[in-house]
Amino acid sequence: MSVIEWKKDGSVAVVSMCNGSNRQNLEFAETMNRIFDEIEADNDIFSLVLTSSDEKNFSQGVDIEWMGGKLAENDLESIKAFMYGMNRVFKRILLMPLPVIAAINGHAFGNGAMLACACDFRFMKKDRGFFCFPEVDINIPFLPGMIAFVRKAIPEYKFNELKLTGKRVTALELAEHHIIEKASDDIDELKSDVMEFARTFTKKRGIFGEHKRRMYKSVVAVMDEEDPEFIDGLKLFVEG
Ligand SMILES: C/C=C/C(=O)SCCNC(=O)CCNC(=O)[C@H](O)C(C)(C)COP(=O)(O)OP(=O)(O)OC[C@H]1O[C@@H](n2cnc3c(N)ncnc32)[C@H](O)[C@@H]1OP(=O)(O)O
């Protein structure tokens, strides 16, 4: 079974991460990029909802165990392919010529939280699930490109707090700072809120894509120009 699946619901593509905690590894990145190819090729799709079928998790971020295994095998190329693959996922969301809406149905940690931040809009349910950047506690620095695109989703004062404390927050706190459109009561309300919002979009791809290209030009430049130094040099952890 695939780690990510998608289906069409009218003009909306619903992409569901379906591998439990949805840890991100090379297979995750390659599958997401393949699904984006399929969605972009279908001109009857006007919005994309990104969610997970798991009861508890949206995505818990990087698959640290997979990465540790690749390091132990000295398979550094797979790690680099994963990092570039995820950057491609983030960049494609930033530039996709249709709205990408995250339905955060559970825990969104690290790269999982970042995945939601790359999206144009976010909704989250409030009864269970935390949003968190734990990197400060697990010795993982953000890539420069990550810092650049998270800033478009989170006000600077709040990003400063979340990034430097590593605190876990719920949908209610995210809604207070307009990081999400709405804190939905439960999974059923989340689904209906997100689908109702997604269906309001029937914008032409040309103009929608051009808006996003101009808005995120400087973010994409950071990803293209500054990230390779850290990925190619595998400067992914900080000691001490
Ligand atoms: C550059 C990028 C780097 C990376 O990506 S690095 C990887 C980063 N990822 C991580 O570090 C993830 C690591 N994973 C974890 O730490 C844990 O795997 C989780 C915290 C994600 C989940 O832990 P669990 O114990 O399975 O969580 P629960 O059972 O869902 O919740 C624990 C308690 O918290 C309550 N709770 C959860 N959400 C809410 C909410 N929104 N409002 C109020 N309470 C909530 C629950 O009910 C429960 O409580 P009760 O223990 O009493 O049953």
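Note: the structure precedes this text.
Since the model is a prediction, treat every value here as computed from it, not as a measurement. (Residues numbered from 1 in each chain as written. Predicted model: local features only at pLDDT ≥ 70, side-chain atom pairs only at ≥ 80, totals over all residues. Heavy atoms only, no water.)

**Q** So, the pattern of salt bridges: which residues are in play, and what are the values?
**A** When charged atoms on two side chains of opposite charge get close, those side chains can pair. Within this structure, the stated rule accounts for 22 salt bridges. Here K91 ties to D224 by a salt bridge, and the two come within 2.5 Å at their closest N and O atoms. Of this pair, K91 sits in helix α3 (residues 76–95) while D224 sits in helix α10 (residues 217–232), and the two are 133 residues apart along the sequence. The partner of E156 in a salt bridge is R151, with the nearest N and O atoms 2.8 Å apart. In this structure, a network of salt bridges that share partners links the residues K158, E161, K167 and E173. (Salt bridge = Lys/Arg side-chain N within 4 Å of Asp/Glu carboxyl O. Helix = DSSP H or I, 4+ residues; strand = E, 2+ residues; numbered from the N terminus.)

**Q** Any chance you could break down the site of the ligand for me, citing the residues and the numbers?
**A** Neighbouring the ligand are 22 residues; K56, Q60, H107, R128 and G129 lie closest to it. Residue V62 places a main-chain N or O atom 2.9 Å away from an oxygen atom belonging to the ligand. Contact between the ligand and N111: an oxygen atom at 2.9 Å from a main-chain N or O atom of the residue. Protein contact buries 63% of the 1,100 Å² of open area that the ligand shows by itself. Listing elements by their share of the shell around the ligand, those giving two or more residues are β6 (107–109) and α4 (111–118). In terms of residue class, the shell around the ligand is made up of eight nonpolar, seven polar and seven charged. (Near = heavy atom within 4 Å. Polar contact = N/O pair within 3.5 Å; in protein donor to acceptor, adjacent residues only side chain to side chain. Areas by Shrake-Rupley, 256 points an atom, 1.4 Å probe, with all protein chains shown as cover. Nonpolar A, V, L, I, M, F, W, Y, C, P; charged D, E, K, R; others polar.)

**Q** Could you give me a rundown of the environment of L190, with the residues and numbers involved?
**A** With respect to the helices, strands and loops of the structure, L190 is situated in helix α8 (residues 187–199). Measuring from C-alpha to C-alpha, the distance between L190 and F237 comes to 35 Å, with 47 residues separating the pair along the chain. When near neighbours in sequence (up to four residues on either side) are disregarded, L190 contacts A103, I104, N105, F123, M124, K125 and S184. (Contact = heavy atoms within 4.5 Å.)

**Q** Run through the packing of aromatic side chains, naming residues and quoting values.
**A** For the coordinates displayed, the defined rule picks out eleven aromatic pairs. Between F121 and F197, the ring centres sit 4.9 Å apart and the planes meet at 80 degrees, which makes this aromatic pair edge-to-face. Linking F121 in strand β7 (residues 121–125) with F197 in helix α8, this pair joins segments that are 76 residues apart in sequence. With a centroid separation of 5.3 Å and 65 degrees between ring planes, the pair formed by F133 and F142 is classed as edge-to-face. (Phe/Tyr/Trp six-rings, centres within 6.5 Å; stacked < 30°, edge-to-face > 60°.)

**Q** So what's going on with the side chain of T51? Residues and values would help.
**A** The residue T51 is located in strand β3 (residues 47–52) in this model. T51 sits in the buried class, given a relative accessible area of 11%. A polar atom in the side chain of T51 sits 2.9 Å from the backbone oxygen of A103. With residues up to four places along the chain from it excluded, the contact list for T51 reads V14, V15, S16, M17, F58, A103 and N105. (Buried < 20%, exposed > 50% of the residue type's maximum accessible area, 1.4 Å probe, protein only.)

**Q** Describe the packing of helix α1 (residues 26–41) against α3, and please don't skip the residues or the numbers.
**A** For the pair α1 and α3, interaxial distance at closest approach is 8 Å and the crossing angle is 35 degrees. As α1 packs across α3, the resulting crossing turns out to be left-handed. Facing α1, whose interface residues are L26, F28, A29, M32, N33, F36, D37 and E40, α3 presents S78, A81, F82, G85, M86, R88, V89, R92 and I93. Taken together, the residues that form the contact of α1 with α3 break down as ten nonpolar, three polar and four charged. (Axes fitted to C-alpha atoms, helices over the stretch in contact; angles between N-to-C directions. Left-handed = near helix turned anticlockwise from the far one by under 90°.)

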